[in-house]
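# Secondary and tertiary structure notes
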Amino acid sequence: SDNLLNSLKDDAFSVSISSLWKFEPAYSFSVALARAQRIPNAEELFSNGPHLATQSFELGNINLTKESANNIDVSLRKYIGNVTFTLNAFYNSFDSFIYEQATGEVEDGLPVFQFVQEDANFKGMEFELDWVIIDSALNTITLHSQADYVEGELSNGGYLPRTPPLRLGIGLLYERNDWYIGFDILRYMKQNSIAEFETVTEGYTLVNIDFNYQFSNEDSDYIFFMRGTNLLDQEVINHTSFIKDIAPQAGRSLTLGVRLEF
């Protein structure tokens with residue numbers, strides 16, 4: 001276009017309210033309501049070229065309007081005792097949600113993504129539980145478990161792109177004086193709720209271990225640490241990544257080190 005757009009002007013309004021009910025000494029229940037608006041940013045409006053970090057050719061949309069969201073978030077917590085947990089559930093309803101949509105076209109050897117907006121809904125849950133199995137003068141062993149899930153759908157049908165899959169996790173934490181050993185297993189499930197031009201992402205399991213030992217010497221504190229990630233050397237494909245089909249994440253790794261504080 002021969003027209004030069006000098007400026008854009010818009011305004012947005014957001015408001016929220018929440019309440020907390022401690023209905024037992026160890027339990028609380030909360031509800032949060034929010035109405036939020038967001039003005040499209042410069043990239044969403046004016047992009048017109050390669051974005052090498054995501055290996056894509058991005059096209060902005062000057063006709064984008066602000067997006068609005070109505071959110072409800074409820075949470076149940078138990079925060080005292082050997083067993084503690086948090087259960088959180090949410091529902092977000094968007095008017096004119098802005099996102100990058102694959103077009104199926106190729107420009108300069110890169111897939112073309114167009115910024116668009118449509119009404120959309122997100123719903124999901126998060127759960128964490130800690131159970132102190134042993135708590136003695138010498139040792140503490142804690143079992144940790146977690147789960148989180150989100151689903152993003154367009155109001156007129158179809159799934160939103162790059163939505164993370166269901167994730168489940170369990171782990172053990174051992175503490176003894178200056179020793180700390182953590183072991184956890186995270187399972188990312190298969191993601192087959194996909195948008196147009198997306199591909200299914202297979203599930204994978206991450207096994208990680210953490211080890212820390214700390215001791216003091218006069219005015220200095222030493223921390224020896226070791227972290228092993230993806231010990232099963234699984235092929236990790238992150239469904240939320242634009243480059244998931246060409247760049248898997250790191251395989252097995254081991255990090256050793258010492259940290260000195262003085």
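In the block above lies the structure referred to throughout.
Now for a look at the structure at hand.

Calculation criteria
- Residues numbered from 1 in each chain as written.
- Predicted model: local features only at pLDDT ≥ 70, side-chain atom pairs only at ≥ 80, totals over all residues.
- Heavy atoms only, no water.
- Helix = DSSP H or I, 4+ residues; strand = E, 2+ residues; numbered from the N terminus.
- Rg over C-alpha atoms; globule rule 2.2 N^0.38 Å.
- Buried < 20%, exposed > 50% of the residue type's maximum accessible area, 1.4 Å probe, protein only.
- Phe/Tyr/Trp six-rings, centres within 6.5 Å; stacked < 30°, edge-to-face > 60°.
- Salt bridge = Lys/Arg side-chain N within 4 Å of Asp/Glu carboxyl O.

Summing up its helical and strand segments, the protein has one helix and 13 strands in all. Sequence-ordered secondary structure for the protein, helices as α and strands as β, is β-β-α-β-β-β-β-β-β-β-β-β-β-β. Since a compact globule built from 262 residues should have a radius of gyration of about 18 Å, the 23 Å found for the protein marks it as more spread out than a globular shape. When the backbone C-alpha atoms are referred to their principal axes, the protein occupies close to 75 × 50 × 40 Å. Going through the 262 residues of the protein one by one, you find that 30% of them count as buried.

Bringing unusual backbone geometry into the picture now. The phi torsion at Arg-162 lies on the positive side, around 55°, for a residue other than glycine. In this fold, Arg-162 is placed in the loop between strand E8 (140-154) and strand E9 (167-176). Although it is not a glycine, Asn-230 adopts a positive phi angle of roughly 50°. Considering the arrangement of structural elements, one finds Asn-230 in the loop between strand E12 (220-229) and strand E13 (253-261).

Bringing the packing of aromatic side chains into the picture now. In this structure the tally under the stated criterion is 15 aromatic pairs. Here Trp-21 and Phe-23 contribute two aromatic rings whose centre-to-centre distance is 5.1 Å and whose plane-to-plane angle is 50°, an arrangement assigned as tilted.

The subject of this paragraph is the pattern of salt bridges. All told, the structure shown has eight salt bridges when counted by the stated rule. The salt bridge involving Arg-38 is made with Glu-67; its shortest N-O contact spans 3.0 Å. Here the residue Arg-38 occupies a position in strand E2 (residues 27-38), and Glu-67 occupies one in strand E5 (residues 67-78), the gap between them amounting to 29 residues. By relative accessible area, which is 29% here, Arg-38 ends up partly exposed. For Arg-227, the salt bridge is made with Asp-210, and the minimal N-O distance between the two is 2.4 Å. One end of the pair, Arg-227, is in strand E12; the other, Asp-210, is in strand E11 (residues 204-217), and 17 residues separate them in sequence. In this structure Arg-227 comes out as partly exposed when scored by relative accessible area, which is 31%.

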